[in-house]
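The lines below spell out each chain.
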Amino acid sequence: MTDSAGATERPTDDNPGGVAEARRAAPRAVHPRNAASLILWRAGMRGVEVLMGVRHARHRFMPNVMVFPGGRVDRPDYRALALSELPGFTRACLERQAPPSLARAIGIAAARELHEETGLVLGRMDGHRLLPELSVIDYLCRAVTPPNRFMRFNARFLIAPAEAAHGEIRGSGELEELRFFTIEETRHHKVATITAKVLQEFQAWLGMTQAQREARELICFRGMDGRTPEGPARRRSAG
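Everything numeric here is computed off the predicted structure, so don't read it as measured data.

Asks: Sorry, what's going on with the nonpolar core here?
Replies: Membership of the largest hydrophobic core comes to 33 residues, with the highest contact counts inside it found for L38, L40, L94, I106, L114, L122 and L158. Those elements that place two or more of their residues in this core are β1 (33-44), α2 (88-95), α3 (100-118) and β8 (153-161). With 9 residues, α3 is the single largest residue contributor to this core. Among residues more than four places away in sequence, those in contact with L122 are L38, A111, L114, L130, L131, P132, E133, V136, I137, A160, A164 and A165. Among the nonpolar cores identified, the runner-up in size contains 26 residues, and I39, V50, F150 and F202 belong to it.

Asks: Help me understand the pairing of β8 in this model?
Replies: One face of the sheet, then the other: side chains in a regular strand alternate in exactly this way. For β8, the tally of buried residues reaches 8 of 9 residues, placing the bulk of the element in the interior. Relative to β8, β1 runs parallel, the two being bridged by 9 bridges. Paired with R33 across the strands is F153, a residue of β8. Bridge count between strand β7 (residues 138-144) and β8: 6 bridges; the pairing is antiparallel. By the bridge assignment, D138 is partnered in β8 with I159.

Asks: What is the right way to look at the environment of E49 in this model?
Replies: Mapping E49 onto the fold places it in strand β2 (residues 47-54). Contact partners of E49, with chain neighbours within four places excluded, come to L40, W41, R42, G44, F180, F181 and T182. A distance of 2.6 Å separates a polar atom in the side chain of E49 from a polar atom in the side chain of R42.

Asks: I would appreciate a short explanation of the pairing of β2 in the present structure.
Replies: Burial within β2 is extensive, with 6 of its 8 residues counted as buried. When β1 meets β2, the two strands line up antiparallel, connected through 4 bridges. Pairing of G44 across the sheet is with G47, part of β2. Hairpin connection, β1 to β2: the antiparallel pair is bridged by 2 residues. Summarising the sheet, β2 and strand β3 (residues 65-67) pair through 2 bridges and their orientation is antiparallel. Each residue of the ladder has a partner; that of V54, found in β3, is M66.

Here is what the cut-offs are and how they apply
Residues numbered from 1 in each chain as written. Predicted model: local features only at pLDDT ≥ 70, side-chain atom pairs only at ≥ 80, totals over all residues. Heavy atoms only, no water. Core = buried A, V, L, I, M, F, W, Y, C linked by side-chain atoms within 4.5 Å. Buried < 20%, exposed > 50% of the residue type's maximum accessible area, 1.4 Å probe, protein only. Helix = DSSP H or I, 4+ residues; strand = E, 2+ residues; numbered from the N terminus. Contact = heavy atoms within 4.5 Å. Pairing = 2+ DSSP bridges. Polar contact = N/O pair within 3.5 Å; in protein donor to acceptor, adjacent residues only side chain to side chain.

Printed below as a string of structure tokens:
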């Protein structure tokens with residue numbers, strides 16, 4: 001794939017944290033691309049585990065760095081069919097910073113990228129077409145790449161339980177060493193600063209009741225990973 005500056009994108013460039021995102025921008029402003037990353041998690045014998053993969057060692061930037069499955073929202077994601085729709089609360093979180101069509105497309109993109117990068121199916125396959133089960137997806141937080149980067153992402157980090165996905169983990173060549181890692185294990189691997197911060201948000205989310213999750217402040221990481229409140233998850237009624 002070739003970008004507008006004539007540079008060739010590597011396989012994981014559309015994954016937030018990819019090599020193109022890190023290059024300094026040209027003088028013109030770069031508009032952030034909408035993207036989704038999915039935290040697929042399960043309770044393991046050693047504690048909570050999350051599905052992550054490692055960027056290829058041949059990458060010039062951030063080789064061997066762990067990331068969540070994810071990537072940018074594509075045009076077909078707006079028209080894709082699904083087995084079920086996003087839960088009302090998840091949709092409300094997404095729609096605080098996105099129109100309804102984009103909010104749904106973000107959920108579709110998260111399930112699609114999971115399948116493309118790991119082989120796991122969140123939903124079911126209709127021939128070669130994925131029909132996502134969006135009803136199992138929760139919302140965690142948002143992150144926007146600093147404005148002085150060559151490629152920028154407006155990335156939403158979503159959550160789904162591992163038992164909702166099926167199939168065998170098989171890498172597509174985009175990520176290596178795909179497996180479930182305990183959160184403690186991730187601390188002994190190379191992860192981007194933003195990934196470490198998202199994992200902290202996820203740990204806090206795990207410790208909340210559903211009522212607390214729905215009452216919490218939504219968070220966006222901006223600039224150099226600054227933690228910015230975006231208002232309560234639930235909009236309060238005027239009455």
